[in-house]
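Observations on the model geometry
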Amino acid sequence: MAQLWQELEQKSQEQGSKEQNPVAWRAQLFAALQHWQFWAIAGILLLLTLGLCWYLRKRRHEEDSSGEEDSSSSSSREEEERGEQNGEEEVNEHANDLARHFEEHIQWPNENLFTKCESVLRLVNTLILVARQVLSDSSFPGLGPRFGIGSTMEGWSPYEENIIYRVLVSLIPPYGHAFLPELCNPGEMPERNFRIRVQLVCTCKTEQLVGDMLCFIHHDEEEQRRNQGPSLLQTVCTGSYLDVQKTACRFHQLVKACWVVLPHSRRWRLTMLPCNRSCKFKMARAEEEIIIEIMLGVQQGDSDIFMSSQASEALFTPSTTWTLSCAVAEAKFFELMARQAPDGSFHLRCLQLCARILVGTCFSEYTLKTVVMHLLNTTPLSGWHRTHFLLRLDDIMRYLCHCLEEKRLDHFFFGNEKIPEEIVLPPALQRAEPFNLFQHLAQDPDAQAQAMREFTDMQDRLTRMLANDN
């Protein structure tokens, strides 16, 4: 590898110094880097050459020093080891310089993103606290913990403008109610679409403990209406099932009502945005804008998996359908990786950079995110240091290419036995068969051929992006 660097630098010097013509030097460099097979062959040849030289040197040394003392032999071996170690350090230094060059010259998203994410989460926390004071009856679900989700909150958003900060707020059944999840299509594999049946629960034994709250089952409906308002079944349900659109609409109204008492209302202008399955709004002041989307979800037991208000992949999603969401588990996975990864880890930079070449292709950010999660789970985190930046980019593209050729990319959580123990999955998800995200490619040869063509375009785009620092 050191020889590769010397040859590249020698070619650069023949055309002029790097300072005089940096674009031409980087173009040559990445033209060589684009041919990944060349890396492998060069590496193998380098290892074979080093091994042969070491063997010949050792043999000559043994012949010349057959009568010398052991101390002299030991000193020679130490010098050889130091020489090899210096060579490795030189290669690592070059690779580190290259990664640092990318970090400094590629246009990454705003570095203040993390600070803004924290500010958004604090704002939503305040909204929840105020909303809990407003929700004094059982006409709306209780509001549980909030979770930052999506690429922005995970720290790898590829965008610099029109960033959406997504938060999931968990819903809790109010007093006198219970949530009972049911599959929309029993026997469906994987289990991804649910309805949430709302059932009234007898509270006669606890009436004295909660004050004026009456049992919805054993008290007169008119008396309930006079004393504590309607039940959940009468406000945000369709039949016996929790309605996504009705719930999102009521939450939308709740946020608008709570906003006026927040300190933020004195500095920011609020604009509610149309969205029928979530609550979306824009905060603006001077030339700054922040768009926040709050998804609603019901937790599956004590796991990190939710049934969320997000629409399914179908063309039409019924208003009583809640879709399985692993967004909280995914955010928790990236948070775990961030804690365990050594300083200088480039795993988010790799994901960020690759996500920028997806525009205009059939590949989604979720596809790329799944690839990187699989690699993070199988590659030592020390291998994601900036020194190995190009190698990890190559791993990502090779993994995606292999999945396209095999027409199979397994969902990260379904049936994956290597999930970190810190992430809690419901038993059904642990026992599930792996779910193929590329099933549509297996069923449609034309779609698979198109995907392969677009993958080739993505490789070219990535190479140009690196070579042009853009």
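Check the entry above for the structure.
Residues numbered from 1 in each chain as written. Predicted model: local features only at pLDDT ≥ 70, side-chain atom pairs only at ≥ 80, totals over all residues. Heavy atoms only, no water.

Brief notes about the layout of surface pockets
Gaps between atoms show up when a probe of the same size as a water molecule is rolled over them. The calculated volume of the largest pocket comes to roughly 1,500 Å³. Taken together, 47 residues line the largest pocket, and the ones lying closest to its centre are Gln-310, Glu-313, Glu-330, Ser-364 and Tyr-366. Counting residues per element, the ones that place at least two in the lining of the largest pocket are α6 (150-154), β2 (164-172), β9 (288-299), β11 (322-325), α9 (327-340), α11 (365-378) and α14 (439-443). Split into classes, the residues belonging to the lining of the largest pocket amount to 21 nonpolar, 17 polar and nine charged. (1 Å grid on protein atoms, 1.4 Å probe; cavity = no way out; pocket = protein on both sides within 12 Å on 5 of 7 lines; lining within 4 Å. Points joined across faces, edges and corners; volume = space filled by probe spheres on them. Helix = DSSP H or I, 4+ residues; strand = E, 2+ residues; numbered from the N terminus. Nonpolar A, V, L, I, M, F, W, Y, C, P; charged D, E, K, R; others polar.)

Examining helix α12 (residues 389-406)
For α12, with 18 residues, the first-to-last C-alpha span of 26 Å sits near the 26 Å given by 1.5 Å per residue. Lys-407 sits one or two positions beyond α12 and adopts a positive phi of about 55°. (Expected span 1.5 Å × (residues − 1).)

Brief notes about the pairing of strand β4 (residues 193-200)
Of the strand pairs in this sheet, strand β3 (residues 177-183) and β4 are connected by seven bridges, and their pairing is antiparallel. Note on β4: the bridge partner recorded for His-177 is Leu-200. Alignment of β4 against β11, held across two bridges, turns out to be antiparallel. Paired with Phe-194 across the two strands is Trp-322, which belongs to β11. (Pairing = 2+ DSSP bridges.)

Some details on the environment of Leu-376
For Leu-376, the position within the fold is in helix α11. Remark: the alpha-carbon pair of Leu-376 and Phe-333, spanning 43 residues in sequence, is separated by 9.8 Å. Among residues more than four places away in sequence, those in contact with Leu-376 are Phe-333, Phe-334, Met-337, His-347, Leu-381 and Trp-384. (Contact = heavy atoms within 4.5 Å.)

Some remarks on the side chain of Glu-454
Among the secondary structure elements, Glu-454 is positioned in helix α15 (residues 445-468). Of the side chains bearing the opposite charge, Arg-453 lies closest to the buried Glu-454, which forms no salt bridge; the N-O distance is 7.3 Å. Excluding residues that lie within four positions of it along the chain, Glu-454 makes contacts with Thr-361, Cys-362 and Phe-363. (Buried < 20%, exposed > 50% of the residue type's maximum accessible area, 1.4 Å probe, protein only. Lys, Arg positive; Asp, Glu negative; His and termini not counted. Salt bridge = Lys/Arg side-chain N within 4 Å of Asp/Glu carboxyl O.)

Considerations on the packing of aromatic side chains
A full pass over the atoms with the stated rule returns seven aromatic pairs. Here Phe-346 and Phe-389 contribute two aromatic rings whose centre-to-centre distance is 4.9 Å and whose plane-to-plane angle is 75°, an arrangement assigned as edge-to-face. Here Phe-346, found in the loop between α9 and α10 (347-355), pairs with Phe-389, found in helix α12; they are 43 residues apart in sequence, far enough to count as distant. Site record: aromatic cluster; members linked through ring pairs are Phe-333, Phe-334, Phe-412 and Phe-413. (Phe/Tyr/Trp six-rings, centres within 6.5 Å; stacked < 30°, edge-to-face > 60°.)

Looking at the environment of Arg-166
Relative to the helices and strands, Arg-166 resides in strand β2. Classification of Arg-166 by relative accessible area gives partly exposed; the value is 33%. For the pair Arg-166 and Cys-117, spaced 49 residues apart in sequence, the C-alpha separation works out to 9.3 Å. With residues near it in sequence (within four places) discarded, Arg-166 still touches Phe-147, Gly-148, Ile-149, Met-153 and Glu-293. In terms of polar contacts, Arg-166 uses its side chain to reach the side chain of Glu-293, at 3.0 Å. (Polar contact = N/O pair within 3.5 Å; in protein donor to acceptor, adjacent residues only side chain to side chain.)

Things to note about the packing of α11 against α12
The geometry of α11 relative to α12 is characterised by a closest axis approach of 10 Å and an angle of 115° between their N-to-C directions. When the interaxial angle is binned, α11 and α12 end up roughly perpendicular. In terms of crossing hand, the pair formed by α11 and α12 is right-handed. In this structure, α11 contributes Thr-367, Leu-368, Val-371, Val-372, His-374 and Leu-375 to the contact, and α12 contributes Asp-395, Ile-396, Tyr-399 and Leu-400. (Axes fitted to C-alpha atoms, helices over the stretch in contact; angles between N-to-C directions. Parallel < 35°, antiparallel > 145°, perpendicular 65-115°, else oblique. Left-handed = near helix turned anticlockwise from the far one by under 90°.)

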